[in-house]
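As a plain string of letters, each chain reads:
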There are 2 protein chains.
Amino acid sequence: MSQMWRVKVVGLGVVALSLSLELLGWLFGRVRHRRPLNKVLFFPSKVACLEHLFSPKTARSCFCPLPHGVETSFSRLLRHLLSASSSLDLCVFSFSNMDLSRAVLLLHQKGVTIRVLGDKDYSAITGSQIGVLRKAGICVRCDSGSVHMHHKFAVVDGRLLITGSLNWTLQAVQSNRENILITDEAELVQPFIEEFHRLWALNDPARLYKQL
Amino acid sequence: MSQMWRVKVVGLGVVALSLSLELLGWLFGRVRHRRPLNKVLFFPSKVACLEHLFSPKTARSCFCPLPHGVETSFSRLLRHLLSASSSLDLCVFSFSNMDLSRAVLLLHQKGVTIRVLGDKDYSAITGSQIGVLRKAGICVRCDSGSVHMHHKFAVVDGRLLITGSLNWTLQAVQSNRENILITDEAELVQPFIEEFHRLWALNDPARLYKQL
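Every chain is numbered on its own, with residues counted from 1 as its sequence reads. Here chains are named by letter from A upward and ligands by number from 1 upward, in the order in which they appear as written. Residue-level local features of this predicted model are given only where pLDDT is at least 70; pairs of side-chain atoms are given and counted only at 80 or more, and the full residue set underlies all totals for whole chains, interfaces and linings. Excluding hydrogens and water, the side-chain figures rest on all heavy atoms present in the structure.

### Side note on the packing of aromatic side chains
Only Phe, Tyr and Trp rings are paired, with Trp represented by its six-membered ring, and only when their centres lie within 6.5 Å; those with planes under 30 degrees apart are stacked, over 60 edge-to-face, the remainder tilted. For the structure on display, the rule yields 10 aromatic pairs over all chains. Relative to A:W200, the ring of A:F196 lies with its centre 5.6 Å away and its plane at 20°, an arrangement referred to as stacked. One end of the pair, A:F196, and the other, A:W200, are both in helix α7 (residues 186-202), four residues apart, so they sit about a helical turn from each other. A ring pair is formed by B:F95 and B:W168, whose centres lie 5.2 Å apart and whose planes are at 70°; its orientation type is edge-to-face. Of the two residues, B:F95 sits in the loop between β2 (87-92) and α4 (98-109) while B:W168 sits in the loop between β6 (160-164) and α6 (170-174), which places them 73 residues apart along the sequence. Classification of residues uses two cut-offs on accessible area relative to the type maximum, computed with a 1.4 Å probe and protein chains only: under 20% is buried, over 50% is exposed, and between them is partly exposed. Overall, B:F95 belongs to the buried group, its relative accessible area being 2%. Here a helix means four or more residues in a row that DSSP labels H or I, a strand means two or more in a row labelled E, and each is numbered from the N terminus.

Okay, here's the thing in structure tokens:
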């Protein structure tokens, strides 16, 4: 092989290596900088039929008078909640909304591990769904260490945070101005996971009875 | 110049070009993927002296009985709020906390453009700071188109979102379990900016009087 050919081959090799590194860097960057999910929902939500979210197979035969096939803030919230496949940690001040209760019960039936932390006063008011969830066999604890356990957040599958101003009531969904923020940004989700664990342990009945 | 030299020069040129592109791509990636600010604060907050935040020059001469030089959730919240240099848009259900009111008044004195949107019922209750802000010359509007304007968010300088479960009251800060999320992630901030503009225009007194 002549000297010139050797130089040509080495040159081409360098170019090929450099391009491969560029491609690898790009692919690595894509994986590393995967765009996080960041969504915001505002309320009050339009009222629409939600049957298709609970029973997709029979939804076509729903003849209720509400508008069908309409995507609303509330249907989006339910969709994210119902996406849970392994766990749902719920920390909510006031929980009386029947559709949200139905969603949590449906997830429980599907085998999703659910933990609900409520406020001690608001869990006992008329219409609260906390008792319904407890009777269905869902793990429920009530916070007793503060004036109000005023959080309204959920962590889905340990990766998706749903939080905001919205209590889980009908008035909040249909009548108030409210916001819900949905994110899988780890820097935001992780502190909520840790806070849930802390509050869950803090309100363990075994621990509380020991103190008496 | 011999054929071999030409090949060498072209080869080196290709390598130099490729390395430059790699460097440019890295620099562009650094700018594009600037790490957003994402913080979460939990309450109740420890009680500590906040004088250094309001008047840094005279803080050393504060002899109040509260602990000094302690960073708390509330001091962090105030610090982010007081970082406003051009505008503060505030949308809050219940606003009776004197320290938060002092922070807003201080920003107003410094020339920061402030707009406050409150709830029509909670703006009128005893202890509400909405009247104090209005008397100081701050633009205040009250929402009249919903059962409750239940938001609790602020947008600082059109770039930083402060939102969560925490009402701007003393009980929320010192006694309740609450959360505050602070982010400059555009996907999260922008919808809140748009919602504020929408609600601000919707509750323009000129528009409301025209409807009467």
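### Description of helix α4 (residues 98-109) of chain A
Residues and elements named next belong to chain A. With 12 residues, α4 should reach 16 Å at 1.5 Å per residue; the first-to-last C-alpha distance of 16 Å fits that figure. The complete set of buried residues in α4 reads L100, S101, A103, V104, L105, L106 and L107. Two residues form a contact once any of their heavy atoms are found within 4.5 Å. Here the buried face of α4 lies against α2 (51-54), α3 (73-82), β2 (87-92), β3 (113-119) and α5 (130-135). Counted as a polar contact is a pair of N or O atoms within 3.5 Å, where, for protein atoms, one must be capable of donating a hydrogen and the other of accepting one, and residues adjacent in sequence contribute only when both atoms are in side chains. Two or three places before D99, at the start of α4, stands the capping residue N97, its side-chain oxygen 2.9 Å from that residue's backbone nitrogen. Residue count minus one, scaled by 1.5 Å, sets the expected span of a helix.

### Details of the sheet that holds β6(B)
Sheet strands pair by backbone hydrogen bonding; their relative direction is either parallel or antiparallel. Ordered by their spatial adjacency, seven strands build an open sheet running β1-β7-β6-β5-β2-β3-β4 (chain B), and the pairing between neighbours is mixed. The sheet is open, and its two edges are formed by β1 (38-43) and β4 (139-143) of chain B, each paired on a single side. Taking each pair of neighbouring strands and ignoring which way they run, the sheet shows an average axis angle of 15°. Every axis in this analysis is a line fitted to C-alpha atoms, fitted for helices over the stretch in contact. Angles between the N-to-C directions lie between 0 and 180 degrees. Sheet contacts for α7(A): β1 and β7 (178-183) of chain B; angle to β1(B), the most-contacted strand, approximately 20°. Where helix α7 (residues 186-202) of chain B meets the sheet, it contacts β2, β3 (113-119), β4, β5 (152-156), β6 and β7 of chain B, and its direction lies at approximately 75° from that of β3(B). At least two bridges found by DSSP between two strands is the condition for calling them paired.

### Things to note about the pattern of salt bridges
By definition here, a salt bridge exists when the distance from a side-chain nitrogen of Lys or Arg to a carboxyl oxygen of Asp or Glu is within 4 Å. Taken as a whole and judged by the stated rule, the model has 14 salt bridges over all chains. Residue A:D204 is joined to A:R141 by a salt bridge in which the shortest nitrogen-to-oxygen separation is 3.8 Å. Of this pair, A:D204 sits in the loop between α7 and α8 (205-211) while A:R141 sits in strand β4 (residues 139-143), and the two are 63 residues apart along the sequence. For A:D204, a relative accessible area of 25% puts it in the partly exposed group. The residue B:D89 makes a salt bridge to B:R115 at a minimum N-O spacing of 2.9 Å. With B:D89 in strand β2 and B:R115 in strand β3, this pair connects stretches of sequence that are 26 residues apart.

### Re the relation of the copies chain A and chain B
Note that the two copies of the chain are related through a rotation about an axis and a translation along the same axis. Superposing chain A onto chain B requires a rotation of 180° together with a translation of 0.2 Å along the rotation axis, leaving an RMSD of 0.5 Å. This pairing of chains is accounted for by a two-fold axis. To line up the copies, we fit them by least squares on C-alpha atoms, keeping just the residues with pLDDT of at least 70 in both.

### Here's the deal with a nonpolar patch on the surface
Nonpolar side chains (Val, Leu, Ile, Met, Phe, Trp, Tyr) within 5 Å and like charges within 9 Å form the patches, drawn only from residues with over 30% relative accessible area and no salt bridge. Areas reported as accessible are Shrake-Rupley estimates using a 1.4 Å probe. Residue values count occlusion only from the protein chains shown. Where nonpolar side chains cluster on the molecular surface, the patch consists of A:L17, A:L21 and A:L24 and spans about 320 Å² of accessible area. One can find A:L21 in helix α1 (residues 3-32).

### Some thoughts on the layout of surface pockets
Throughout, the protein atoms alone are placed on a 1 Å grid, and a set of points is a cavity if a 1.4 Å probe fits but cannot get out or a pocket if it is open with protein on both sides within 12 Å along at least five of seven lines; lining residues have an atom within 4 Å of a point. Grid points are joined across faces, edges and corners, and a volume is the space filled by probe spheres set on the points. As a volume, the second largest pocket reaches approximately 480 Å³. A:F93, A:H150, A:N167, B:F93 and B:H150 are the residues nearest the centre of the second largest pocket, which is lined by 24 residues in total. Of all the secondary-structure elements, those providing two or more residues to the lining of the second largest pocket are α6 (170-174) of chain A together with α6 of chain B. Of the residues that constitute the lining of the second largest pocket, the class distribution is seven nonpolar, 15 polar and two charged. Here the term charged refers only to Asp, Glu, Lys and Arg, the term nonpolar to Ala, Val, Leu, Ile, Met, Phe, Trp, Tyr, Cys and Pro, and the term polar to all other amino acids, Gly among them.

### Things to note about unusual backbone geometry
Residue and element names in this part refer to chain A. Following F43, the chain continues to P44 via a peptide bond in cis, the omega torsion being 10°. Here P44 shows up in the loop between β1 (38-43) and α2. Positive phi values are uncommon outside glycine, yet D157 reaches one of about 55°. Secondary-structure assignment places D157 in the loop between β5 (152-156) and β6 (160-164). Note on D157: relative accessible area 18%, which makes it buried.

### Quick word on the packing of α3(A) against α4(A)
Residues and elements named next belong to chain A. Axis separation between α3 and α4 bottoms out at 10 Å; the angle between their running directions is 20°. It follows that α3 is roughly parallel to α4 by the angle criterion. Pair α3 / α4 crosses with right-handed handedness. Seen from α3, the contacting residues are F74, L77, L78, L81 and L82; seen from α4, they are D99, L100, A103, L106 and L107. Classifying every residue of the contact of α3 with α4 by side-chain character gives nine nonpolar, no polar and one charged. Throughout this description, any angle smaller than 35 degrees is read as roughly parallel, any larger than 145 degrees as roughly antiparallel, any in the 65 to 115 degree range as roughly perpendicular, and the remainder as oblique. Here a crossing is called left-handed whenever its near helix is offset anticlockwise from the far helix by less than a right angle, and right-handed whenever the offset is clockwise.

### Points about the nonpolar core
Formed by 38 residues in total, the largest nonpolar core has its most connected members in A:L77, A:L88, A:F95, A:V104 and A:W168. No other element matches α4(A), which puts six residues into this core. Residue types Ala, Val, Leu, Ile, Met, Phe, Trp, Tyr and Cys, when buried and joined through side-chain atoms within 4.5 Å, form a set referred to as a nonpolar core. In this structure, B:L106, B:V112, B:V140 and B:L160 belong to the second largest nonpolar core, which totals 37 residues.

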